[in-house]
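So the chains spell out like this:
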Amino acid sequence: MYHADEKGYYGEFGGAFIPEMLYPNVEELRQKYLDVMYEESFKKEFNQLLKDYVGRPSPLYFAKRLSEKHGCKIYLKREDLNHTGAHKVNNTIGQILMAQKLGKTRIIAETGAGQHGVATATVCALMGMECIVYMGEIDIARQAPNVARMKMLGAKVRPAFSGSRTLKDATNEAIRDWINNPVDTHYIIGSAIGPHPYPDMVTRFQSVISEEIKWQLKEKEGRENPDYVVACIGGGSNAAGTYYHFLDEPEVGIIAVEAAGKGVETGESAATSALGKVGIIHGCKTMLMQTADGQITEPYSISAGLDYPGVGPMHSHLHKSGRAEFYSATDDEAMTAGLELSQLEGIIPAIETGHAFAIFDHKKFKPDDVVVISLSGRGDKDLNTYIDYFGLK
Ligand SMILES: Cc1ncc(COP(=O)(O)O)c(C=O)c1O
């Protein structure tokens with residue numbers, strides 16, 4: 001009910017809305033992705049790299065001081081400790097192996113926060129493949145450390161100058177490149193978005209997060225299921241991976257936190273569930289921020305990775321069906337939550353991740369509630385933004 005059907009639909013959302021030129025590429029992937037993912041040799045290589053290269057399993061850490069502060073039992077799923085500093089690498093490892101199986105030699109990607117760009121550049125270096133990353137001009141400036149990392153890893157970073165010069169515009173450029181290079185190129189999409197089979201494929205690669213939470217929580221609490229799982233949502237890949245093995249467990253509450261930017265009603269926001277209507281973006285039918293005549297609204301968030309006018313189709317369905325609770329956190333709430341985590345637990349989160357921790361401004365949990373939060377990434381890339389915001393110089 002909450003998983004993609006064979007045409008890639010989650011309820012009314014999903015599908016593959018693509019230009020004719022991309023049809024052979026997407027169709028080949030659709031026909032082969034599940035067979036490849038279930039091949040023993042593929043599973044073995046994927047799991048080996050997750051273990052020895054990424055450093056999985058990532059710890060499930062009981063955050064004692066944060067728990068005391070917020071009056072419930074808070075566990076952090078430490079995706080920030082993965083090689084390259086975020087959950088994104090789980091997916092890029094899977095997709096680079098998939099690209100090799102499909103005989104592709106050139107890799108393109110889009111990136112907002114630069115974490116997906118770095119994770120893609122990393123696996124391309126690992127496999128000796130050409131890598132081109134599209135990134136909005138604004139994001140190139142605000143995520144400069146990640147741009148430098150991509151270049152160091154041998155990738156070409158190409159700026160997107162259109163629209164709000166952020167993630168949506170970088171995705172447009174990547175799709176344009178793909179249309180022009182349909183034979184040799186694989187597009188590593190970095191979130192649970194895009195035409196089928198991408199949302200399902202990315203979700204499956206990221207589902208290792210909830211697979212691990214289950215046995216780790218069993219060890220620590222004597223039960224596999226928490227009362228709540230919480231994640232921030234840009235396109236929705238860390239959330240999809242964190243929710244995956246709990247979707248059909250009704251006793252587990254699912255919580256999504258989007259970026260409200262300067263406030264949901266200010267016109268400078270990326271809170272898709274509050275502001276969006278059904279539309280088509282980047283190849284799938286989903287909730288989308290748009291004007292009355294269907295033009296996409298330019299989104300805004302202080303965090304480059306949540307600065308996107310849509311959410312993945314799984315999340316639109318989770319919202320519409322009521323399976324998940326959706327909240328949105330402002331820039332100020334996310335930054336303050338990031339500072340709180342730094343000073344209570346000694347962990348500086350990515351600003352994207354700070355949004356998930358702002359849940360405590362919006363929801364009160366009971367003392368016995370076990371709440372697992374996806375700590376999707378580390379904040380090294382955001383230090384300058386934190387320093388400027390809090391006047392730490
Ligand atoms: C650390 C971190 N968390 C979350 C996100 C949002 O992406 P997604 O919703 O696909 O997890 C990003 C995107 O760049 C990110 O870098």
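For every chain, the first residue of the written sequence is number 1, and numbering continues from 1 onward in sequence order. Side-chain atom pairs in this predicted model are given and counted only at pLDDT of 80 or more, local residue features only at pLDDT of at least 70, and totals for whole chains, interfaces and linings cover all residues. Heavy atoms throughout the structure, all of them, feed into the side-chain values; hydrogens and water do not.

**Comments concerning the sheet that holds strand 8 (residues 185–187)**
Item 1. With parallel pairing, four strands are arranged side by side in an open sheet as 7-6-5-8. Of all the strands in the sheet, just strand 7 (156–160) and strand 8 have a single pairing partner and so form its edges. Adjacent strand axes in the sheet meet at a mean angle of 25° when their direction is disregarded.
Item 2. Taken together, the three bridges between strand 5 (residues 106–111) and strand 8 define a ladder with parallel strand orientation. Pairing of Arg106 across the sheet is with Thr185, part of strand 8.
Item 3. Two residues qualify as a contact provided that any one of their heavy atoms is within 4.5 Å of a heavy atom in the partner residue. Every axis in this analysis is a line fitted to C-alpha atoms, fitted for helices over the stretch in contact. Angles between the N-to-C directions lie between 0 and 180 degrees. In this description a helix means any DSSP run of H or I spanning at least four residues, a strand means any run of E spanning at least two, and both kinds are numbered starting from the N terminus. Against the sheet, helix 8 (residues 167–180) makes contact with strand 5, strand 6 (130–136), strand 7 and strand 8, and its axis sits at roughly 160° relative to strand 5, the strand it touches most. Strands were regarded as paired on the criterion that DSSP finds at least two bridges between them.

**Notes on helix 13 (residues 313–321)**
Item 1. Only protein chains enter the accessibility calculation, which uses a 1.4 Å probe; a residue is then buried when its area is under 20% of its type maximum, exposed when over 50%, and partly exposed in between. Within the span of helix 13, buried status applies to Pro313, Met314, His315, Ser316, His317 and Leu318.
Item 2. Residues of helix 13 that are buried make contact with strand 1 (9–10), strand 2 (13–14), helix 9 (198–206), helix 11 (237–243), strand 12 (284–288) and strand 13 (324–330).

**A word on the packing of aromatic side chains**
Item 1. Note on aromatic contacts: the rings of Phe and Tyr and the six-membered ring of Trp form a pair at centre separations within 6.5 Å, being stacked when their planes are under 30 degrees apart, edge-to-face when over 60 apart, and tilted otherwise. All chains considered together, the criterion is met by eleven aromatic pairs.
Item 2. Geometrically, the ring pair formed by Phe62 and Tyr75 is tilted, given 5.2 Å between the ring centres and 55° between the ring planes. With Phe62 in strand 3 (residues 60–62) and Tyr75 in strand 4 (residues 73–77), this residue pair connects regions lying 13 residues apart in the sequence.
Item 3. Look at Phe62 and you get partly exposed, because its relative accessible area is 32%.
Item 4. Overall, the relative accessible area of 4% leaves Tyr75 in the buried class.

**Structural notes on the UniProt feature "modified residue: N6-(pyridoxal phosphate)lysine" (unreviewed entry) in the protein**
Item 1. Using the residue numbers shown here, the UniProt feature "modified residue: N6-(pyridoxal phosphate)lysine" (unreviewed entry) corresponds to Lys88.
Item 2. With respect to the secondary-structure elements, Lys88 resides in helix 4 (residues 88–101). UniProt positions are given in the numbering used here, feature names are shortened, and annotations may be inferred rather than shown by experiment.

**Let's talk about the pattern of salt bridges**
Charged atoms that come close allow side chains of opposite charge to pair.
Item 1. Take a side-chain nitrogen of Lys or Arg and a carboxyl oxygen of Asp or Glu: if they are within 4 Å of each other, that pair is a salt bridge. Counted under the stated rule, the structure contains 29 salt bridges.
Item 2. Between Arg78 and Asp80 there is a salt bridge, with its nearest N and O atoms 2.8 Å apart. The residues Arg78 and Asp80 share a single accessibility class, namely buried.
Item 3. The shortest N-O distance in the salt bridge between Asp307 and Arg142 comes to 2.7 Å. Residue Asp307 is located in the loop between strand 12 and helix 13, and its partner Arg142 is located in helix 6 (residues 137–142); the two are separated by 165 residues in the primary sequence.
Item 4. Judged by relative accessible area, which is 2%, Asp307 ranks as buried.
Item 5. Salt bridges sharing common partners tie together Arg56, Lys77, Glu79 and Glu212.

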